Amino acid sequence: MDAGTTITEVRGREGERFVEGLASLRIRVFRDFPYLYDGNMEYEKKYLQTYFSSPRSFLALCFSHGTLVGACTAIPLADEEESFQRPFVRNGIDPKTLCYYGESMLLPELRGRGIGRDFMARRERHARSLAGVTHAAFCAVIRKATPAGYRSLEPFWESVGFRKIPGLETEYSWKDIGEAAETTKRMQFWMKKLEMQ
């Protein structure tokens, strides 16, 4: 990271003062493949309340010369909405044992500088601090077609210890750019056993 780039960690309600920037960042970053998400501020602000309402949630915020350019989130799965817990319960996994990584977002011009790896390390430290949590997990959208030049993040996720869990999938719906209505997308879960220190 260059001298003008800083990362700030916040928890629970501390993140609420950044809600406008976080909502805008989610809309901007997730417009790109593979999410192609046509977001809106009203939904984003409501979505982020789950993190603000949990005192055990974690957000790392990346600023470049004072402007929010990236962020990542984590929360005990037990503090997430039931729809996020359901796929794990269905597969015999206790939500109390998991820290859920919600998103990792970074504007394209800041990528390739080690910030994503830094985000992962910060979330893992937080996950290890949570009583009863033994694993971290996140999910990623499954797309049938990949545009030319797209660089998959799967090798990076594997390099930091995450693995796809066969059969551990779910579905979420959102409106893609250019679509008239929401469509259902398949989501694949990845998990990692945490090394306790």
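> Tell me what's going on with the packing of helix 1 (residues 19–29) against helix 2 (residues 41–52), and back it up with residues and numbers.
Direction vectors running N to C along helix 1 and helix 2 enclose 115°, while the axes themselves pass 9 Å from each other. Once helix 1 is placed against helix 2, the crossing between them reads as right-handed. Here V19, E20, L22, A23, S24, R26 and I27 of helix 1 come into contact with helix 2, specifically with M41, E44, K45, Y47, L48 and F52. Broken down by class, the residue content of the contact of helix 1 with helix 2 amounts to eight nonpolar, one polar and four charged.

> Go over the environment of F33 with me, naming the residues and quoting the values.
In this structure, F33 sits in the loop between helix 1 and helix 2. Linking F33 and P147, residues 114 residues apart in sequence, is a C-alpha distance of 8.2 Å. What F33 contacts, discounting residues up to four positions off in sequence, is R143, A145, T146, P147 and Y150.

> I'd love a proper account of the packing of aromatic side chains, names of residues and values included.
By the definition in use, this model includes 14 aromatic pairs. Between the aromatic rings of F18 and F63, the centroid separation amounts to 5.9 Å while the plane-to-plane angle is 55°, which identifies the pairing as tilted. Here F63 lies in strand 2 (residues 58–64) and F18 lies in the loop between strand 1 (5–10) and helix 1, a separation of 45 residues in the sequence. Exposure class is identical for F18 and F63. Each is buried. Members of the aromatic cluster, connected to one another through ring pairs, are Y101, F138, W157, F162 and W190. In this arrangement the basic side chain of R26 is found over the ring face of Y47, its NZ or CZ atom lying 4.1 Å from the centre.

> I'd love a proper account of the environment of R163, names of residues and values included.
As for its placement among the helices and strands, R163 is situated in strand 7 (residues 163–174). R163 sits in the partly exposed class, given a relative accessible area of 45%. In this structure the C-alpha to C-alpha distance between R163 and E20, which are 143 residues apart in sequence, comes to 33 Å. Once residues lying within four places of it in the same chain are set aside, the contact partners of R163 are E158, F189, W190 and M191. For R163, the side chain forms a polar contact with the main-chain oxygen of E158, separated by 3.0 Å.

Each value, and the rule that gives it
Residues numbered from 1 in each chain as written. Predicted model: local features only at pLDDT ≥ 70, side-chain atom pairs only at ≥ 80, totals over all residues. Heavy atoms only, no water. Axes fitted to C-alpha atoms, helices over the stretch in contact; angles between N-to-C directions. Helix = DSSP H or I, 4+ residues; strand = E, 2+ residues; numbered from the N terminus. Left-handed = near helix turned anticlockwise from the far one by under 90°. Contact = heavy atoms within 4.5 Å. Nonpolar A, V, L, I, M, F, W, Y, C, P; charged D, E, K, R; others polar. Phe/Tyr/Trp six-rings, centres within 6.5 Å; stacked < 30°, edge-to-face > 60°. Buried < 20%, exposed > 50% of the residue type's maximum accessible area, 1.4 Å probe, protein only. Lys NZ or Arg CZ within 6 Å of the ring centre and 35° of its normal. Polar contact = N/O pair within 3.5 Å; in protein donor to acceptor, adjacent residues only side chain to side chain.

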